[in-house]
Amino acid sequence: MIDTKQRIKSHEGIIMEVYSDSLGLKTLGIGHLLTAKDNFEEGVTYPMEVINKLFEEDYSIAFNDAHDLIEDKDIPYDPMVESVLIEMAFQLGLPRLKKFIKFIEGLQEEDYSKAADEMIDSRWAKQTPARAYELSTLIRNIK
């Protein structure tokens, strides 16, 4: 069983206050990027119930985005591909994930070495190298 949620939580960490992420963007909880519709204040510690609610909402969006990508791009189904795409959608959002054209081509061709190489050959991998390496290794090891 692939525990995508736990892996995302491990990569994102849990911070109960508003903070700036690695790109300087205001974030809360488990990688929840704050938007204009959010009403969270800096310096306030939010309860875990709020953090979990935000995470479940964000995870649901990422899950749906990953499945939309799988369907739209005719990517053959594999549970590990699904899991990695969910995490990448969670971190990057669907518009940025769609820009991984050669990675997506590798998935479509079931050429997982190519897909993994394209993950590593990206700005994303330079920004979050440990996460990119771990996820690319999961893709590379698909049989």
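Residues numbered from 1 in each chain as written. Predicted model: local features only at pLDDT ≥ 70, side-chain atom pairs only at ≥ 80, totals over all residues. Heavy atoms only, no water.

Participant: Any chance you could break down the overall build of the protein chain for me, citing the residues and the numbers?
Facilitator: Across its full length, the protein chain carries eight helices and three strands. Reading the protein chain from its N end, one meets helices and strands in the order α-β-β-β-α-α-α-α-α-α-α. Here the C-alpha radius of gyration of the protein chain, 15 Å, is about what a compact globule of 143 residues would show, namely 15 Å. Seen through its principal axes, the protein chain has C-alpha atoms that stretch 45 × 25 × 25 Å. Put simply, the protein chain has 143 residues, and 41% of those count as buried. In the protein chain, the proportion of contacts linking residues at least 24 apart, taken out of those at least 6 apart, comes to 52%. A gap of 4 Å separates the mean positions of the 17 positive and 27 negative side-chain charges of the protein chain. (Helix = DSSP H or I, 4+ residues; strand = E, 2+ residues; numbered from the N terminus. Rg over C-alpha atoms; globule rule 2.2 N^0.38 Å. Buried < 20%, exposed > 50% of the residue type's maximum accessible area, 1.4 Å probe, protein only. Contact = heavy atoms within 4.5 Å. Lys, Arg positive; Asp, Glu negative; His and termini not counted. Charge placed at Lys NZ, Arg CZ, Asp CG, Glu CD.)

Participant: Could you give me a rundown of the packing of helix α1 (residues 4–12) against helix α2 (residues 48–72), with the residues and numbers involved?
Facilitator: Two packed helices can be described by the angle between their axes and the distance between those axes. α2 packs onto α1 with a crossing angle of 115° between their chain directions and a minimal axis gap of 12 Å. Viewed along their axes, α1 and α2 form a crossing whose handedness is right-handed. Two secondary-structure elements touch here, α1 through T4, K5, I8 and K9 and α2 through F55, E56 and Y59. Among the residues forming the contact of α1 with α2, the class breakdown is three nonpolar, one polar and three charged. (Axes fitted to C-alpha atoms, helices over the stretch in contact; angles between N-to-C directions. Left-handed = near helix turned anticlockwise from the far one by under 90°. Nonpolar A, V, L, I, M, F, W, Y, C, P; charged D, E, K, R; others polar.)

Participant: Tell me about the sheet that holds strand β2 (residues 26–29), residues and numbers included.
Facilitator: What the three strands build is an open sheet, ordered β1-β2-β3; its pairing is antiparallel. Single-partner strands in this sheet number two, and they are β1 (15–20) and β3 (32–33). (Pairing = 2+ DSSP bridges.)

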